[in-house]
Amino acid sequence: MKEQQETANRPDNTAFTQQRLPAWQPMLSAGIVIPGFVIIGLAFIGIGIALFVTSQNIQVLERDYTGVENNSPCFKCSDPSTKNCVCKLDFSLDKLFEGPVFFYYGLSNYFQNYRKYGVSRDDRQLSGRLDNFQSPDEGCVPYQYDANNKPIVPCGSVANSLFNDTFKLYQIVNGARKLVPFDGKGIAWWTDHNVKYRNPSITPLKNAFNGTVKPTFWSKPAYELDPSDPANNGFVNQDFLVWMRRAALPDFRKLYRRITEGDYKNGLPAGNYSLEIAYNYPVLDFDGRKKVVFSNVSWMGGKNQFLGIAYLVIGSLCVVMSIVMLIVYAKFKFPDEE
Amino acid sequence: EEASLSAEPRYRHWKVKANDRAYHHLPEFQRKVFLCIKKSKYSGNAIKTYKYNVLTFLPLNLFEQFKRAANLYFLGLLILQVIPQISTLPWYTTLVPLVLVLSITAMKDLVDDLARHRMDKEINNRKCEVLLDGRFQESKWRHIQVGDVVRLKKNDFIPADILLLSSSNPNSLCYVETAELDGAGTALIECEEPNNRLDKFTGTMLWRRERYPLDLDNMLLRGCKIRNTDFCHGLVIFAGADTKIMRNGGKTRFKRTKIDELMNYMVYTIFVLLILVAAGLAIGHTFWYEEIGSKAWYLYDGKDEDASYRGFLSFWGYIIVLNTMVPISLYVSVEVIRLGQSKFINWDLQMYFPEKDTPAKARTTTLNEQLGQIEYIFSDKTGTLTQNIMAFKKCTISGQTYGTSPSGYTEIITSPVDFSWNRYADRKFQFMDHSLVALIRSRKDKDALEFFKLLSLCHTVMVEQKEDDLVYQAASPDEGALVTAARNFGYVFLSRTQDTITIREMDQETTYEMLALLDFNSDRKRMSIILRAPDGRIRLYCKGADTVIYERLSPNSRHKQSTQDALDRFANETLRTLCLCYRDVSRDEYDAWARKHKDASVTMTDREAALDRVYEQIENNLMLLGATAIEDKLQDGVPETIAKLAKADIKIWVLTGDKKETAENIGFSCELLTDDMQIHYGEDINEKLTVRQANRRNEPLSSGRNRKKAPEPFFPQPGKNALIITGGWLVSFAQGPRRPRCGEMLQVGHVLFFPVQIDFVDMACECEAVICCRVTPKQKANVVSLVKKYKKAVTLSIGDGANDVNMIKTADIGVGISGQEGMQAVMSSDYAFAQFRYLQRLLLVHGRWSYIRMCKFLRYFFYKNFAFTLVHFWYSFFSGYSSQVAYEDWFITIYNVLYSSLPVLLVGLLDQDVNDKLSLKFPKLYLPGQQGLLFNYKNFFISLFHGIFTSLIIFFIPYGAFLQTMGQDGEAPSDYQSFAVVTASSLVITVNLQISLDTSYWTFVNCFAVLGSIAIYFGIMFDIHSAGIHVIFPSIFTFTGAASNALRQPYLWLTIILTVGISLLPVICIQFLHKTIWPSVGDKFDQKKKYEMEEEEKKKPPAFQRGQRSRRSAYAFSHSRGYADLISSGRSIRRRLSVLLRSVAQITSTQTL
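Residues numbered from 1 in each chain as written. Chains lettered and ligands numbered in written order. Predicted model: local features only at pLDDT ≥ 70, side-chain atom pairs only at ≥ 80, totals over all residues. Heavy atoms only, no water.

Engineer: Whenever I open this one, the state of the cysteines confuses me. Can you help?
Structural biologist: Each disulfide is one covalent bond, formed between the sulfur atoms of two cysteines. Taken as a whole, this structure holds three disulfides over all chains when the rule is applied. The side chain of C140 of chain A participates in a disulfide bridge whose partner is C155 of chain A; the two sulfur atoms lie 1.9 Å from each other. In this pair, C140 of chain A is assigned in the loop between α4 (131–134) and α5 (157–160) and C155 of chain A in the loop between α4 and α5, connecting sequence segments 15 residues apart. Taken individually, C140 of chain A and C155 of chain A each receive the classification buried, so the pair is uniform in this respect. The connectivity of the disulfide bonds within chain A can be written as 1-4, 2-3, 5-6, using the sequence rank of each bonded cysteine. The cysteine C670 of chain B is free of any disulfide, with C773 of chain B supplying the nearest cysteine sulfur at 13 Å. We classify C670 of chain B as buried; its relative accessible area is 0%. This cysteine, C767 of chain B, is not joined by any disulfide, and C765 of chain B carries the nearest cysteine sulfur, 8.5 Å off. Residue classification places C767 of chain B among the buried positions, given a relative accessible area of 0%. (Disulfide = S-S within 2.5 Å. Helix = DSSP H or I, 4+ residues; strand = E, 2+ residues; numbered from the N terminus. Buried < 20%, exposed > 50% of the residue type's maximum accessible area, 1.4 Å probe, protein only.)

Below you can see the structure in the form of structure tokens.
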């Protein structure tokens, strides 16, 4: 009575077309959520304790040397008219500051993360391309060419504002000043030093900078940044590299030197110290602050209690919430049972 | 005939001359196309549905795409980004995603268009026989022209809209004999201009100086297929682009879903938010610059701009930075998801109808989630709920009921009666009661013989002899069923002339002289025939509705009560009944009546009424013979489907052209109406409406305006209500003389009348079921739009025929029943499938899933973009409001494209909270969709706050961790690039784990996508941060070494873990508590078993509650006006074109061009 049944239009019978793909349907059931919270909470508390304890054991010595207050040793230097001002910051340690000790300078209210500041650089120039020595990138304006229309190398705001305070640390041993040796090698990222920033392959390096001028703020050209070590000049100068790596937040520290050598291998022994600061960098205009920080580190880096406390709080909250959830669950799922 | 033709001359515009190609190129049919180039207004038959060719694809497609606001917005952003003063992000951050979005859409368009190209080519090159130079020659479709005579064979597609001239079908009657076809140019058709109305065609044919009216029944429309007919001839009226189907394509009204609208508003909301945030930050920048920025010598940029101008620039800069708040890939992703969901509908084996090889088809791919929100279904009856097949089920003769086995023995007698003794028997006819056949064959019971004689005589069926078989053409399937039943029981209707009827009574042929035919009409509810038997006796046979018959029975008539009881039973079983009776008429009486009849039939004024009065005079003193019971066969699974949908709180309205009784009867048989319902009729509720109106008028105007007060229900008494109204009633209340038309309702001054419609809709919506009978196609559409307008509800219309087209197009979603005769409904529908019962799967499974998926998708999409973008906002407070971004530029570029899109796309495509079986089993699961609970402004803002919360965590936890720290090796890791790596990593992990939490159906694909996204993130990051790529592009990839340096630090990993933890744990906790305290319908599936048992309990035994007399007043009786006019007018059967051509080529929709 019917024509031969055709099935040309019959859809395929596959798990996919019929929406029957094998699947796992997880449920946020009490059996998973509540124990899960307990476990996560305990784990977080554990991590928190570890972080907190570690952080507690890290020694930090921080000194502001901006010289805002009258009694500050650097007060006289904070006057912008003073040139080549040197001030001394004395401090004493009553116990061994365990090594290796890292010495940082820190700036506050300093917006290295300001967008226009951040893009005011020429990465081609910094990777050693000579074309960009003669004609730096537009982005470097107003530090692209100087008043005589000569190209600035390294160009741009970031390079221009290179931090130029220098520090020398003396231990006062029996009234005599003993220089604590600073190690300035490898304080920048390996990748910055070896990949991202390259000097042009011209020797002597000075020749590469022919026809260019140093950044307006700088006192000496890039190829003379470190007279003591010819390899630590140009764009691969460690201090330059550290500065060029912009900080994420307006309060930041940057590594200045390590103390790893000689008598100070194991740290700074107890005693009196004097830090000699060549005060050059103006920050008072914009209400900035400068400081120095001595710190040692642990497996988790420098001292920061935030993370440990956060872990502890969250971990405890997890445990508390698991109890709350348990009560609520019991109340709503078994209303008749007490 | 005369009257109808005199009104014709308005179709002068479109003239077609048969077999005369030159005629159609005459100058009068030319129209100007371009400058002086003129072209015939008659299109050739070649079609062009494709949109693009090689050259135009790129410009046209881009133009089309940029017409969308979203794409234009991103183009604007791109332009902003290249302005150096405000460019805060490199151009590629927008360009890459934009190009990707555009190319995905372009790709989709290209694939579609290639398919159209292929299709066009294939169709244009189809072969067809055309009459050329006096003989039929094979020709390609594209060469066919208007006026050509074509010959089509069985299973051929119809190449154009053609006028059927002749066919091989023996019952077909045609204008033109095959031999005459070549008599070229003599037939001239005048008809309406081409239009897109599939349900309408009017024209006239001038043939041998005679005019013939033409209507849609004479036409075969392009796109259909010839069935059941060996070959036929036709005349091309409309070709190619003029055909109705082509006129219909493409220009369909664009339907949008509720979610579409909501989504647009949300995008606008986000946009406003974006502007506010950017403005706020710009102000922040102004102040910051004033206070700090201008004094910071190191920030000196050589520009002499004051703080407010900098703020202004910063505003635009922030617009660029925060542009990702408006999700660029939202629209394209939504499209992809909907396309996928449509494919799943097309692929669903459980909506595939094997008997007709018809799969379900989502013809519109943009409405899927709306299927999960349906509140009202408007269904056609015939062909949708019912099969339009009538079966003679039972009868009662002389008080004895046949067709039911004696109670208790139902199982025993199940084999159908064998009719092989009767060579005229129709083999498709089935009857279960053997005793009736035995009774008739024994010829003992005179009444039984008379009963079937009546059935074989008293009707207006036409008969055709086809080979050995008799083919009946009945005005209604009921009548066909009755005559066929008589035929099987040995009373075979053989032939009829204008005034005789020949039947075969068991073995002998008898010819009766037909003296009068008193045809059926809806007032009379009966038809009679007066016959003179060969022996000269005159007898009147009458069949009709019990109510009218019982009034006219002779007091001597027997078996009244027992027949009445049988009628009650039949009605309870939702069978359609007719009472049969006869009356002997004496010669004198007849002569006297015949004179009156003749007088009445020539009355000039109100002839109908005069005739009715005359009929009345002879139709009395009737002797009851018995009653028949006919089953209007339902489609498979209709009651179950309706019950399911009702449980899902979907209200079902049946809109039918049928009579009230029939409609009510069907309402009961498909369990739309149940015995525990209080049924209200249009007339009853008029009163209620009037009272409500009066109350409203008496109310003070101020409180009338105040719509907060919920109106008291119309049916205060508890229990279910049902409403049955007629089209006429609808008209009288909605468009009555006192009342303005719909469009004017809102005007002041008509305020009084405006609430009538609201009141009606309110009242109707209080009812569980509504049946509107005797409604015209237009009224069907009006009812739908009333509900749409006043209830703001999502409506769905389902129908199968041309008369449903209006309502299908009006409803939010139109569903066509495919595989039936006629394709009009399917052509104008959004979804098409073969059986009504698939509706439950479409709504409860596909609709529900689609809705849930789309909601999940949208919620997550807004969330993830907020979580992503607002980190910049928080960072602003610590970067001098300098539009510094918190992530690397490349991360911003790729985030939406690669790192976060695939898992959510898969959730949008594959997610299932419960599987299809449970979805169907627990229709209550459908409710959240109806109420729009899963996606609304509340959910939207929750998503936004969730996003804001996540962005807060993602910024401030790393912020805290970075404040004073240094790395393991003493180097300060607190640089910007490490920070960006940490926030980005936290973000990618968080959003991917968040979608994992939201995924309730974890397939390996989901797993792969989530892990893949995270892996791709790290992979790409390490590549971008690698030495090699920096050496090649030193100024584009500046994050060299950041990833490896940062992720070397356990401290930063701990930061990432904490960030992810704080982002996700509260969400889990809140979800869990929410689920525990306020479980949703779906959540209750923990106690599945409990639920199931409850359901089981609630399920009532479907036993008939017999003896209830609630339906007594509304017997369905099966009859409609027949061919009496034709028969008595004595017109040649050859002329009965408009009626019979219908059967010539069963038009079945087969494809959509």
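Back to the write-up after that little detour.
Engineer: Would you mind going over the packing of aromatic side chains with me for this structure?
Structural biologist: Summed over all chains, the structure comprises 103 aromatic pairs over all chains. Aromatic pair F16 of chain A and F344 of chain B: ring centres 5.4 Å apart, planes at 65 degrees, arrangement edge-to-face. Of the two residues, F16 of chain A sits in the segment before α1 (30–56) while F344 of chain B sits in helix α8 (residues 330–347), which places them in two different chains. Under the relative-accessibility criterion, F344 of chain B is labelled buried at 3%. (Phe/Tyr/Trp six-rings, centres within 6.5 Å; stacked < 30°, edge-to-face > 60°.)

Engineer: Looking at this structure, how should I read helix α22 (residues 777–791) of chain B?
Structural biologist: Three- or four-residue spacings in an α-helix give side chains the same orientation, since the helix completes a turn every 3.6 residues. The terminal C-alpha atoms of α22 of chain B lie 21 Å apart, and with 15 residues this matches the ideal 21 Å at 1.5 Å per residue to within 8%. At the C-terminal side of α22 of chain B, K792 of chain B shows a positive phi close to 50 degrees. (Expected span 1.5 Å × (residues − 1).)

Engineer: Sorry, what's going on with the nonpolar core here?
Structural biologist: Note that soluble globular proteins tend to have their nonpolar side chains buried in a common cluster. Counting 205 residues, the largest nonpolar core has F167, W243 and L268 of chain A as its most contacted members. If we ignore the near neighbours within four places in the chain, the residues touching W243 of chain A are Y105, L107, Y110, Q112, Y117, V158, S161, L162, F163, F252, K254 and Y281 of chain A. (Core = buried A, V, L, I, M, F, W, Y, C linked by side-chain atoms within 4.5 Å. Contact = heavy atoms within 4.5 Å.)

Engineer: Can you walk me through the interface of chain A and chain B in this structure?
Structural biologist: How big an interface is tends to be stated in terms of accessible area lost as the parts join. If you look at the interface, chain A gives 97 residues, while chain B gives 101 residues. Carbon and sulfur atoms supply 63% of the area that chain A and chain B bury against each other, a total of about 8,500 Å² over both sides. Sorting the residues of chain A by area buried against chain B places Q19, R115 and W189 of chain A first, and these three jointly supply 10% of that buried surface. There are one salt bridge connecting chain A and chain B. With a closest N to O distance of 2.7 Å, D975 of chain B and R245 of chain A form a salt bridge. Mapped by element, the contributors of at least two residues to the side of chain A that touches chain B are α1, β4 (101–108), α2 (115–119), α3 (123–126), α6 (190–196), β7 (252–259) and α9 (305–333) of chain A. Among the elements that make up the side of chain A that touches chain B, the one with the highest residue count is α9 of chain A (12 residues). A breakdown of the residues in the side of chain A that touches chain B according to their chemical character gives 54 nonpolar, 21 polar and 22 charged. (Buried area = accessible area lost by both parts, 1.4 Å probe. Salt bridge = Lys/Arg side-chain N within 4 Å of Asp/Glu carboxyl O. Nonpolar A, V, L, I, M, F, W, Y, C, P; charged D, E, K, R; others polar.)

Engineer: Would you mind going over helix α7 (residues 307–321) of chain B with me for this structure?
Structural biologist: Residue and element names in this part refer to chain B. Helix length check: α7 (15 residues) gives 20 Å between terminal C-alpha atoms against 21 Å at 1.5 Å per residue, within 8%. Along α7, 11 of the 15 residues are buried, which leaves the element largely enclosed by surrounding structure. Packed against the buried residues of α7 are α3 (69–81), α6 (258–291) and α25 (838–876).

Engineer: Could you clarify how one ought to interpret the pairing of strand β6 (residues 176–180) of chain A in this entry?
Structural biologist: The two faces of the sheet receive side chains in turn, since in a regular strand these alternate between them. Residues and elements named next belong to chain A. In this sheet, β6 lies alongside strand β5 (residues 166–173) in antiparallel orientation, the contact comprising five bridges. Bridge assignment links Y170 to a residue of β6, and that residue is L179. Counting the residues in the hairpin turn of β5 and β6 gives two residues, including N174, whose phi is positive at 55 degrees. (Pairing = 2+ DSSP bridges.)

Engineer: Just to check I follow, could you spell out the UniProt feature "binding site: Mg(2+)" (unreviewed entry) in chain B for this structure?
Structural biologist: Residues and elements named next belong to chain B. Taking the UniProt record as the reference, the feature "binding site: Mg(2+)" (unreviewed entry) is found at D380, T382, D800 and D804. A maximum C-alpha distance of 10.5 Å is found for the annotated residues, which run over 425 residues; spatially they form one tight group. With respect to the helices, strands and loops of the structure, D380 is situated in the loop between β15 (376–379) and β16 (386–397). With residues near it in sequence (within four places) discarded, D380 still touches L385, L655, K780, I798, G799, D800, D804 and M807. With near-sequence residues (within four places) excluded, D804 lies in contact with D380, K780 and G799. Here K780 takes part through its side chain, which lies 2.7 Å from a polar atom of the side chain of D804. (UniProt positions renumbered as here; feature names shortened; annotations may be inferred. Polar contact = N/O pair within 3.5 Å; in protein donor to acceptor, adjacent residues only side chain to side chain.)

Engineer: Honestly, the environment of R443 of chain B in this entry has me stumped. Any pointers?
Structural biologist: All names here are of chain B. By the secondary structure assignment, R443 is in the loop between α9 (434–442) and α10 (446–457). On the basis of relative accessible area, R443 is assigned to the partly exposed category, the value being 38%. Between the alpha carbons of R443 and M506 there is a distance of 9.5 Å; along the sequence they are 63 residues apart. Filtering out sequence-adjacent residues up to four positions away, R443 remains in contact with L449, M506 and D507.

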